[in-house]
Amino acid sequence: MPAQVIDGKAIAAQVRNEVRMAVDRLKAQGVTPGLHVVLVGDDPASAVYVRNKGKASEEVGIAGVTHHLPAETSEADLLVLLRELNASPGVDGVLVQLPLPKHIDANRITDAQDAARDVDGFHPVNLGLLLSGRDGLVACTPAGCMRLIDSTGIDLAGKRAVVVGRSLIVGKPMALLLMQRNATVTVCHSRTQDLKTRVSEADIVVAAIGKARMIKGDWIKPGAVVIDVGMNRGDDGKLCGDVDYAAAAEHAGFITPVPGGVGPMTIAFLLRNTVLACAARRGLSNPF
Ligand code: GUN
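Definitions and limits used
Residues numbered from 1 in each chain as written. Predicted model: local features only at pLDDT ≥ 70, side-chain atom pairs only at ≥ 80, totals over all residues. Heavy atoms only, no water. Helix = DSSP H or I, 4+ residues; strand = E, 2+ residues; numbered from the N terminus. Buried < 20%, exposed > 50% of the residue type's maximum accessible area, 1.4 Å probe, protein only. Contact = heavy atoms within 4.5 Å. Pairing = 2+ DSSP bridges. Axes fitted to C-alpha atoms, helices over the stretch in contact; angles between N-to-C directions.

(A) Spotlight on the environment of arginine 160. One can find arginine 160 in strand 5 (residues 160-164). Among the residues examined, arginine 160 registers a relative accessible area of 45% and is labelled partly exposed. For the pair arginine 160 and valine 94, spaced 66 residues apart in sequence, the C-alpha separation works out to 35 Å. In contact with arginine 160, not counting residues within four places along its chain, are Thr184, Glu201, Ala202, Asp203 and Ile204.

Listed below in structure tokens is the structure:
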């Protein structure tokens, strides 16, 4: 039986709807959440992402502000802006779009952010909280993947989950979130031997490696949940994920398409994080 398609677009719309209602509850208390996105330089892909983040904020009632700085902005000047934002009471979320120009040390920028406003969940404090199993801001893409997995209704306890990719932004937090839900987690990466065997054992596969169609369809355990974080340009010039979708859909129980799977979840969870940060910073109860 072919897999059920996990409709990321529809689930993201649902999350944005929940955010809109939460924003309305905050507004009834006299609070409008504010999200500030910082873009340095003119990378065209980043410009599109940032524009989409601004639009999505507006649609749910979040006050979105974009700070577009020239490519030659110094690290010192960027740090000055971050300190200003950190000292502004109306700023609830701050996101510095990556990648940054080479002359800026991204770690120094992340460290300078206020963890309470770090809606990307990249600050060491938020990563440490996640590692400790404590409440903090969780990176948007892995949080979105968890929501997609939950949409299948599968109980993760005791299941075998394989995360392919060990990045700080997706792979590592993803593994921690799955572990928190009592899955048995294996993290695979570019040096893993016999990736095929590891993947074939998995009840849940999360692919976040950035290599077009690297995970083959016949590797997938019958009935498994397949979450594809990849966004690549295939040899055929088409947008595709890290999983060979058509073949994997013959084996999986549930699978996310590319595009229309994980992609739309990231911005939805950015908005959700902004509302959570807003309420926590201002000492209000969780509006969700
Ligand atoms: N560039 C690509 N993805 C992201 C993201 O999730 N956050 C930030 N800040 N930059 C990105």
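Let's pick the thread back up.
(B) The sheet that holds strand 4 (residues 93-96), seen in detail. Strand order in this open sheet of 3 strands is 3-2-4, and the pairing throughout is parallel. Strands at the two margins of the open sheet, each flanked by one partner only, are strand 3 (63-69) and strand 4. Here the average twist between neighbouring strands, direction ignored, is 15°. Relative to strand 3, strand 2 (residues 34-40) runs parallel, the two sharing 7 bridges. Its bridge partner lying in strand 3, histidine 36 is registered against valine 65. Contacts from helix 3 (residues 75-86) reach strand 2, strand 3 and strand 4 within the one sheet, and its direction differs from that of strand 2 by about 180°.

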